[in-house]
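Structural overview
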Amino acid sequence: MNSPNKFRNEKEEMISLFRSRGIKDESVLSVMKKIERQLFVDEAFVPRSYEDCALPISNSQTISQPYTVAVMTELLQIKKGDKILEIGTGSGYQAAILAELGARVFTIERFSDLLTKARLVFAKLGYNIASKTGDGTIGWSEFAPFDGIIVTAAAPEIPEPLLKQLANSGKLIIPVGDLNSQNIIIVTNDNGEFVEKKIEGFKFVPLVGKLGWK
Ligand code: SAM
């Protein structure tokens, strides 16, 4: 079922699509070609694992669209050993990509049963990823500062604690907007000054928590 070659053509097509849409970082492309997305999707959706769309997982949540994952991962500009916090573990797919790129990954998910499933996949694949159930809008201060923080759900505004937990030169990648559409905001900590850029036109499930949607 999950033999590495089973989806070879679909993976090639996915990587070609990324290249055609402007993803240039070869390490991101090679890791996303390597990781078996079918291990992170529900059984019924395995045949659709490499379609460029979000797919449903439990608790009315989604595994993000592959292209969106590629964009956000490239924006993080990960170097081996970087400490990266992910808010919104979901299926664990994004966290696995970060780990495969050599990051030390910390991930938070609000639904414990999603996290339980993701942890099983991490264990199966041998990833050493720190994870907890909780409200990621307040970050994970015990392990701060982080070289990068990636939020995989849509926030109404940038939660202040995440800025405080960003290392110097670190980047926060977060979708911000209303419930129907968001821009991905890239915030860089430049010696305590937070410099923002944005990429328009994305759609994520809501970030629900103390400093997110209620
Ligand atoms: N990174 C995930 C993946 O690779 O499958 C994407 C998951 S989905 C698009 C976003 C996730 O954020 C959902 O699983 C949702 O439960 C979670 N989430 C929403 N608000 C959260 C919060 N305040 N803290 C932690 N997780 C949250």
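Computed from a predicted structure; not experimentally measured.

**As for the overall build of the chain**
Counting its secondary structure elements, the chain contains six helices and nine strands. For 214 residues, the compact-globule estimate of 2.2 N^0.38 gives 17 Å, and the C-alpha radius of gyration of the chain, at 16 Å, lies within 12% of that figure. Dimensions of the chain, computed from the C-alpha atoms along their principal axes, are close to 45 × 35 × 35 Å. Measuring between centres, the 26 positive side-chain charges of the chain sit 3 Å from its 26 negative side-chain charges.

**Describing the environment of D113**
Tracing the backbone through its elements, the reader meets D113 in helix α5 (residues 112–125). A relative accessible area of 44% means that D113 is categorised as partly exposed. Spatially, the C-alpha atoms of D113 and T133 are 9.2 Å apart, while their sequence positions differ by 20 residues.

**A closer look at the packing of aromatic side chains**
Scanning all chains against the criterion turns up seven aromatic pairs. The rings of F106, W140, F143 and F146 are connected pair by pair, giving a single aromatic cluster. The positively charged end of R37 is found above the aromatic ring belonging to Y93, 5.4 Å away from the centroid. Its end group placed over the ring of F146, K83 keeps NZ or CZ at 5.7 Å from the ring centre.

**Focus on the pairing of strand β7 (residues 166–177)**
In terms of burial, β7 is largely enclosed, as nine of its twelve residues are buried. Summarising the sheet, strand β6 (residues 146–151) and β7 pair through four bridges and their orientation is parallel. Across the sheet, I150 pairs through a bridge with I173, a residue of β7. Pairing of β7 with strand β8 (residues 182–190) involves seven bridges; the strand directions are antiparallel. Bridge pairing in β8 links I173 to I186.

**Section: the site of the ligand**
The immediate surroundings of the ligand are formed by 28 residues, with E86, S91, E109, G136 and V208 found nearest. At 3.0 Å from an oxygen atom of the ligand is found a main-chain nitrogen or oxygen belonging to Q94. Between the ligand and the protein, one listed contact pairs a nitrogen atom with a side-chain N or O atom of D135 at 3.0 Å. In isolation the ligand exposes 600 Å². Once the protein is present, 100% of that is buried.

**Details of the nonpolar core**
Formed by 49 residues in total, the largest nonpolar core has its most connected members in F18, M32, I35, F40, Y93, I97 and L98. Only α1 (8–20), α2 (26–34), α3 (66–76), α4 (93–100), α5 and β8 provide two or more residues apiece to this core. Other than its neighbours up to four places away in sequence, F40 contacts I35, I57, I63, S91, G92, Y93, A96, V121 and L125. By size, the runner-up hydrophobic cluster in this structure holds 20 residues, among which are A155, L162, L163 and I185.

**Regarding the pairing of strand β5 (residues 130–133)**
Bridging between strand β4 (residues 104–109) and β5 involves four bridges; their strand directions are parallel. Bridge pairing in β5 links I108 to K132. The handedness of the β4 to β5 crossover, carried by α5, is right-handed.

About the thresholds
- Residues numbered from 1 in each chain as written.
- Predicted model: local features only at pLDDT ≥ 70, side-chain atom pairs only at ≥ 80, totals over all residues.
- Heavy atoms only, no water.
- Helix = DSSP H or I, 4+ residues; strand = E, 2+ residues; numbered from the N terminus.
- Rg over C-alpha atoms; globule rule 2.2 N^0.38 Å.
- Lys, Arg positive; Asp, Glu negative; His and termini not counted.
- Charge placed at Lys NZ, Arg CZ, Asp CG, Glu CD.
- Buried < 20%, exposed > 50% of the residue type's maximum accessible area, 1.4 Å probe, protein only.
- Phe/Tyr/Trp six-rings, centres within 6.5 Å; stacked < 30°, edge-to-face > 60°.
- Lys NZ or Arg CZ within 6 Å of the ring centre and 35° of its normal.
- Pairing = 2+ DSSP bridges.
- Near = heavy atom within 4 Å.
- Polar contact = N/O pair within 3.5 Å; in protein donor to acceptor, adjacent residues only side chain to side chain.
- Areas by Shrake-Rupley, 256 points an atom, 1.4 Å probe, with all protein chains shown as cover.
- Core = buried A, V, L, I, M, F, W, Y, C linked by side-chain atoms within 4.5 Å.
- Contact = heavy atoms within 4.5 Å.
- Right-handed = clockwise from strand over helix to strand, strands pointing away.

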